[in-house]
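# Structural overview for review
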Amino acid sequence: MNRKPYLIEVQVAREKIDDFNEYPFDIPAIKNLSSIRFHEDVTFFVGENGAGKSTLIEAIALSLGFGPEGGTRNVQFSTHNNTSKLVDYLRLIRGYKSPDDYYFLSTESFYNVATYMEQINYIKGYGGSPHTKSHGESILAVLTKKLQGNGLYIFDEPEAALSPARQLTALAAINQLVQKNSQVIIATHSPILLAYPNAVIYQLDENGITEISYQDTPQYQITKGFLNDYKRMINILLEG
Ligand SMILES: Nc1ncnc2c1ncn2[C@@H]1O[C@H](COP(=O)(O)OP(=O)(O)OP(=O)(O)O)[C@@H](O)[C@H]1O
């Protein structure tokens, strides 16, 4: 019997919001948000820098019991105090089965999580100290060693430290996790990761949050346009 989805939907208690002109409700994609339905395998969030992906994905992670810097749900520390209050307005609709494994991978704060794991000497699951690996190698070690399957995983820009070749490796690792009954929620700019077929893609922009096909994403179109005719693009950019 299918265990998934672990997370069916997230709803925003809009009636409780007093001021839509202050952060995070002033972000257009968040301002208009009522609910988001998750794919049982992979749900992607895309959008320009500043569109609100991290704000949204972090609030979902906090609702699930993760700490703001990420890691497993046992990792509860914070090196900064700038999480949004969106979490206070979210309602999670869960499936009938709970996942066995949880992980929130925020590439931005992974260094802090790795330092914390070293301090408490709990690095075995990471295949050794993340600090003795490169940033990209340590992110891949999370995907390929730490995560066990039957999991609910949230990744914020996992590609940020990865070469194109390693993004392909990450795509295969995500597929392995999905095959092992995992559900994954990913904010990304990567046209490589976005090609994963068993997925829904939501775009955050000034109109709100809407579903979009892979080929219609700016990530796909800009990358394809550039690679198909990079000399012309370079000429336009450099002359401009
Ligand atoms: N603590 C904060 N207080 C006020 N505004 C914030 C705070 N954190 C983020 N913002 C603003 O909210 C907007 C959304 O930021 P967010 O980090 O969610 O974007 P993003 O889509 O993840 O961008 P990127 O692709 O660059 O990571 C930005 O305009 C940002 O300046």
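Residues numbered from 1 in each chain as written. Predicted model: local features only at pLDDT ≥ 70, side-chain atom pairs only at ≥ 80, totals over all residues.

## Description of the nonpolar core
Formed by 60 residues in total, the largest nonpolar core has its most connected members in Ile60 and Val184. Among all residues touching Ile60, those that are not within four sequence positions of it are Val10, Leu90, Ile154 and Ile185. (Core = buried A, V, L, I, M, F, W, Y, C linked by C-beta atoms within 7 Å. Buried ≥ 20, exposed ≤ 12 C-beta atoms within 10 Å, placed from the backbone. Contact = placed C-beta atoms within 7 Å.)

## Some points on the sheet that holds strand 7 (residues 183–187)
Pairing in this open sheet of six strands is mixed, and the strands run 5-6-7-3-8-9 from one edge to the other. Edge positions in the sheet fall to strand 5 (101–106) and strand 9 (208–211), since each of these pairs with one other strand and no more. Across the sheet, the mean angle separating the axes of adjacent strands is 15° when strand polarity is ignored. The sheet contact formed by strand 3 (residues 42–47) and strand 8 (residues 199–205) spans six bridges and is parallel. Along strand 8, the bridge assignment pairs Thr43 with Val200. (Pairing = 2+ DSSP bridges. Helix = DSSP H or I, 4+ residues; strand = E, 2+ residues; numbered from the N terminus. Axes fitted to C-alpha atoms, helices over the stretch in contact; angles between N-to-C directions.)

## Remarks on the UniProt feature "domain: ABC transporter" (unreviewed entry) in the protein chain
In this numbering, the UniProt entry assigns the feature "domain: ABC transporter" (unreviewed entry) to residues 15–231. The distance separating the terminal C-alpha atoms of residues 15–231 is 52 Å; by composition the span is 30% helix and 19% strand. (UniProt positions renumbered as here; feature names shortened; annotations may be inferred.)

## Remarks on the site of the ligand
The full set of residues close to the ligand is Tyr23, Ile27, Gly47, Asn49, Gly50, Ala51, Gly52, Lys53, Ser54, Thr55 and Asn82. If you tally residues by element for the shell around the ligand, the top one is helix 2 (residues 53–63), at three residues. Split by residue class, the shell around the ligand holds three nonpolar, seven polar and one charged. (Near = placed C-beta within 6 Å. Nonpolar A, V, L, I, M, F, W, Y, C, P; charged D, E, K, R; others polar.)

## Details of helix 5 (residues 164–179)
An ideal rise of 1.5 Å per residue puts 22 Å on 16 residues; helix 5 measures up with 23 Å between its terminal C-alpha atoms. Within helix 5, burial applies to Ala170, Ile174, Leu177 and Val178. Along the long axis of helix 5, the arc covered by the buried residues comes to 100°, so they all point the same way. Turned more than 90 degrees from where helix 5 packs its buried face, Ala165 and Gln179 sit exposed. Contacts made by the buried residues of helix 5 are with strand 3, helix 4 (135–146), strand 6 (151–156) and strand 7. Just downstream of helix 5, Asn181 is the residue with a positive phi angle, here 60°. (Expected span 1.5 Å × (residues − 1). Arc of directions from axis to C-beta.)

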